Every structure is written in C-alpha cells, then in structure tokens.
Amino acid sequence: MRFEISKVLDAIEGRVSTDPSLARAVVDLAEVIRYQDLDGGRPASLLRLGMVIDALARELEEDSIPVYAVVHRALLSDADLTSNERMVVRRWADDGLVEVLDNPGDRMLEVADLLGLPVLTRVRADGLRGRYPWLVEQAGRVLAPVPGAGGPVFIAHVGGGHTPVAGDRSPAGVKLLSRQWRCAEPGCALFGGGGGGGAFADLSRVVERSPAGQPPPTLRGGAPTCPRHGTRLGDGGPRPRSAVLAVRVGGLIRRRFVLTEDQPAVVGRAPDQAGGIVLGQWLNDEARRWISRSHVRFELRVGEVIVTDVSTNGSGIRPGGSMAEADRVPLAPQQSRVLAEGDMVELYPGVQIGRPDELPAGAPYTPTSVMAEAPTMAMRLPR
Ligand SMILES: [Zn+2]
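The paragraphs below set out a description of the structure included in this document. (Residues numbered from 1 in each chain as written. Predicted model: local features only at pLDDT ≥ 70, side-chain atom pairs only at ≥ 80, totals over all residues. Heavy atoms only, no water.)

**So, the overall build of the protein chain**
- From N to C terminus, the protein chain includes 9 helices and 21 strands.
- Going through the 383 residues of the protein chain one by one, you find that 52% of them count as buried.
- Contacts spanning at least 24 positions in sequence make up 64% of the contacts within the protein chain whose residues lie at least 6 apart.
- Total accessible area on the protein chain is roughly 16,500 Å²; 52% of this is exposed by carbon and sulfur atoms. (Helix = DSSP H or I, 4+ residues; strand = E, 2+ residues; numbered from the N terminus. Buried < 20%, exposed > 50% of the residue type's maximum accessible area, 1.4 Å probe, protein only. Contact = heavy atoms within 4.5 Å. Areas by Shrake-Rupley, 256 points an atom, 1.4 Å probe, with all protein chains shown as cover.)

So this is what it looks like as structure tokens:
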C-alpha cells in the first residue's frame, strides 16, 4: 500500500511545475488538498491534487499537464498530511517545483495574470476580485473543482462553462519573463543558480534549473521580488531562448517538453540521456520494435529547432503537418534538418513531434490518469 501511494505521489510530482512554458493552470495546494468531498477521506490528502490534475487533463484532452501550485509554508508541517506527504511537499519545495510562500495573499491570481493561466479554486469570485478584477470577469479563467460522476469537474465562477481557458500573458508578465532573475538568498529554489539547497539538498539529486524555466517574480511596489524570500531580485540579463515541443501519439498530445540552447532533448523508446523523453509507455509492440531507444535529438540553435535522427530505422518529416504520403520527407539516420513552422517529425505512423499549437488534438479520448496506481477503488478514476 505504502509503495503504491508513493508511486502515485511520484506521478503527481511529474505534474507540478513552476516553469512558465509548461504550467497550464494555477492552484493553491493548501486549498486543493482539503476538498474532502472529492473522496470522503481524510481532512487533507495530497492525492486530491492528482484528482484535480486528472480533471484538467480530461478537460483539455491532453496528457501530462502540469499545474503551478502556490503553497502556504504552514503546509510543510500540516499535521493533517501524512509524514510521507509532508516529505514529498518539502521535496517539491526544495526542487522549486512548487512555490512556497509565508503569506500567499493573491499570488495565485498574480501568477495567473502574468502567465495567462486559468485558476482552479473554490474561493468565490467576490473574494477574489482584489487587484485582478479583470481576471475574475473573463469567462473560463476561474473555475471551481467540484465532485462529479467520474472524478472532479469544473464549474466556471463567471459565464458558465467547464473548460479552463488560457489567456495571453499580461504586459507585465511578458516583460518579467524576458529577463532572468537572481535571488540574493543562498540556495533559493526559484531564482537560484540551480540545486535545491534546502533541508534535503544533500539527499536529492541536484536539479540544475535552467534560467529559461524560472517562474515569474512577484511585483512589490513595481519591483521584481522573490515571492519566497521577499527580497528584490537582481537582473541577470536576457532570459535564454526556449522552445516548447510536444509528443503526439495516436492523435493525442502525451507530453510537452522545453528546449533551450543549453539543454537539447533526446526522444525515443527509452533514451539513456538525462532528461530524455521516454515514449515506451504509449507505444504498441510494432512501434516499440521500430522506434530506437534514442530516436531523434532536438536542439535549439539561434532560435531554430534542429532535429537530428539518431535511430536505426530513420524518421520522416511532415512539412507543414501534411499527412499526405507524397509530402513525407525521409530523415535518414544521422541526418539533420531545421524544423520549420508547422513541420512535424514522424518517428513511426501516429508518433509525431512538433510545436504544440500546430499539433491539433484528434479524437475524444481519456488521458492517462496520474491516479492509475492509487490503492483503493474509490480513488481510481475511469479510464
Ligand atoms: Zn528567493
């Protein structure tokens, strides 16, 4: 049982991120874990975060959707959580996967405004208005996760509807995210040079945080400030370029990943490289036989995405996303090519990689649940 729960928590860990390129909604962790009506269980449970993340994946019809979680510091010692859950949240905090704050205030709304993300909360609209009235009034930007027949569903606070809607980054967000920031506090997990430096620093793997994935600073008196430490942030120069790519298998986006000039990405059945994108779990036997452990490598060079085939069997390019066989351009082993706007790389029929906005979703589908390993039937969501 214990082992299974920790597997679920590991799965949830892959779906919390403060990376502005990957996070798709903002939540207040202290609030979500107390949605007791979702499962009728303990007063607080970290598994409820997984249930809300699953609900978001179902609404957006995409797998592996991370949320940006704001965490009140008191949660790190909340006696309603199990000691294992508290340890997991502390690890997320040390790794900068979540944002820990002494007093979250309206930070959840600030993040949503800066990044153009929807907010998942039950706090009533009048309680939220504050500094961000426009956010609350936009249809689909603020939704409440409530119990539904097959797990949580969302109810919009304003304008009805149940699908969370993303907006544009605010002008302040665009400005803040064009720079990289440094926190003077040693070992800052959000704006440090990398590595946690927290209580578990000696135990945890050292997470090299790329400045391209830094969260948005908070603005205090107009000055970029570390939300964790309340200190003014130093300007570390232009933020490195990045590009987001997505893997589509069987017509559906299974995960997104970020390329920077320092961090290429290898995609394959089971790449050995650190940070490699593993496709194995989504492939049938034929695809698994065809696709190499490491199949294609993506690099970002001067803003261009370069794809290199590193496989045994080769790949193909579908220029402009065309599915016509006549348009398919072979990419032989060891061959490289610039991925132009709209181009998709095809590793095997139905297994494609491209820019997410250019990979439209296919048939209706049920995303893989992060809760699939949950120990009780009550926690298990329909698949
Ligand atoms: Zn800091």
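This is not the end of the story, as more comes after the structure.
**What to know about the coordination of the zinc ion**
- Taken together, Cys 183 (SG), Cys 188 (SG), Cys 226 (SG) and His 229 (ND1) make up the full set of protein donors to the zinc ion, lying 2.1 to 2.3 Å away.
- Mapping the donors of the zinc ion onto the primary sequence yields the spacing C-x4-C-x37-C-x2-H. Taken as a pair, Cys 183 in the loop between strand S7 (179-182) and strand S8 (218-220) and Cys 226 in the loop between strand S9 (223-225) and strand S10 (234-238) lie far apart in primary sequence, 43 residues in all.
- Cys 183 gets classed as buried once you look at its relative accessible area, which sits at 11%.
- A residue is classified by how much of its surface remains accessible, and Cys 226, at 0% relative accessible area, is buried. (Donors = N, O, S within 2.8 Å, 3.2 Å for Na, K, Ca; no water.)

**Some points on the packing of aromatic side chains**
- One pass over the full model with this rule turns up 3 aromatic pairs.
- A ring pair is formed by Phe 257 and Phe 298, whose centres lie 6.1 Å apart and whose planes are at 55°; its orientation type is tilted. A residue pair is termed long-range when its members are at least 10 positions apart, and Phe 257 in strand S12 (residues 252-260) and Phe 298 in strand S15 (residues 296-301) qualify at 41 residues.
- For Phe 257, a relative accessible area of 3% puts it in the buried group.
- Given the relative accessible area of 0%, Phe 298 is considered buried.
- On the basis of an interplanar angle of 50° and a centroid distance of 6.5 Å, the ring pair of Trp 290 and Tyr 348 is categorised as tilted. Taken together, the residues Trp 290 in helix H9 (residues 285-290) and Tyr 348 in strand S20 (residues 344-348) connect sequence positions 58 residues apart.
- It is Arg 122 that lies over the ring of Tyr 35; its NZ or CZ is 3.8 Å from the centre. (Phe/Tyr/Trp six-rings, centres within 6.5 Å; stacked < 30°, edge-to-face > 60°. Lys NZ or Arg CZ within 6 Å of the ring centre and 35° of its normal.)

**Details of the pattern of salt bridges**
- Evaluation of the coordinates by the stated rule reveals 25 salt bridges.
- With a closest N to O distance of 2.9 Å, Arg 34 and Asp 80 form a salt bridge. You can see Arg 34 sitting in the loop between helix H2 (29-32) and helix H3 (47-60) and its partner Asp 80 sitting in the loop between strand S2 (68-72) and helix H4 (83-94), a full 46 residues away along the chain.
- With a shortest N-O distance of 3.4 Å, Asp 63 and Arg 254 are connected by a salt bridge. (Salt bridge = Lys/Arg side-chain N within 4 Å of Asp/Glu carboxyl O.)

**Let's talk about the pairing of strand S21 (residues 351-354)**
- In S21, alternate side chains face the same way, and those of Val 351 and Ile 353 on one face and Gln 352 and Gly 354 on the other are all buried.
- Bridging between strand S11 (residues 242-249) and S21 involves 4 bridges; their strand directions are antiparallel. Bridged to Arg 248 within S21 is Gln 352.
- Looking at chain direction, S20 and S21 are connected through 3 bridges and run antiparallel. What sits directly across from Tyr 348, in S21, is Val 351.
- Remark: 2 residues form the turn of the hairpin made by S20 and S21, two consecutive strands paired antiparallel; Gly 350 in that turn has positive phi of roughly 85°. (Pairing = 2+ DSSP bridges.)

**Some points on H3**
- With 14 residues, H3 should reach 20 Å at 1.5 Å per residue; the first-to-last C-alpha distance of 20 Å fits that figure.
- Most of H3 sits out of view: 11 of its 14 residues are buried.
- Listed as buried for H3 are Leu 47, Arg 48, Leu 49, Gly 50, Met 51, Val 52, Ile 53, Asp 54, Ala 55, Leu 56 and Ala 57.
- Of the residues flanking the end of H3, it is Glu 61, one or two places downstream, whose phi is positive at about 50°. (Expected span 1.5 Å × (residues − 1).)

**Section: the side chain of Glu 299**
- Mapped onto the elements, Glu 299 comes out in strand S15.
- Judged by relative accessible area, Glu 299 falls into the buried class, the value being 16%.
- Polar contacts involving the side chain of Glu 299 include one to the side chain of Arg 301, which spans 3.4 Å.
- Non-local contacts of Glu 299, meaning those with residues more than four positions away in its chain, are made with Leu 259, Pro 264, Glu 304, Val 305, Ile 306 and Thr 308. (Polar contact = N/O pair within 3.5 Å; in protein donor to acceptor, adjacent residues only side chain to side chain.)

**Focus: H4**
- With 12 residues, H4 should reach 16 Å at 1.5 Å per residue; the first-to-last C-alpha distance of 16 Å fits that figure.
- At the exit of H4 stands Gly 96, carrying a positive phi of roughly 70°.

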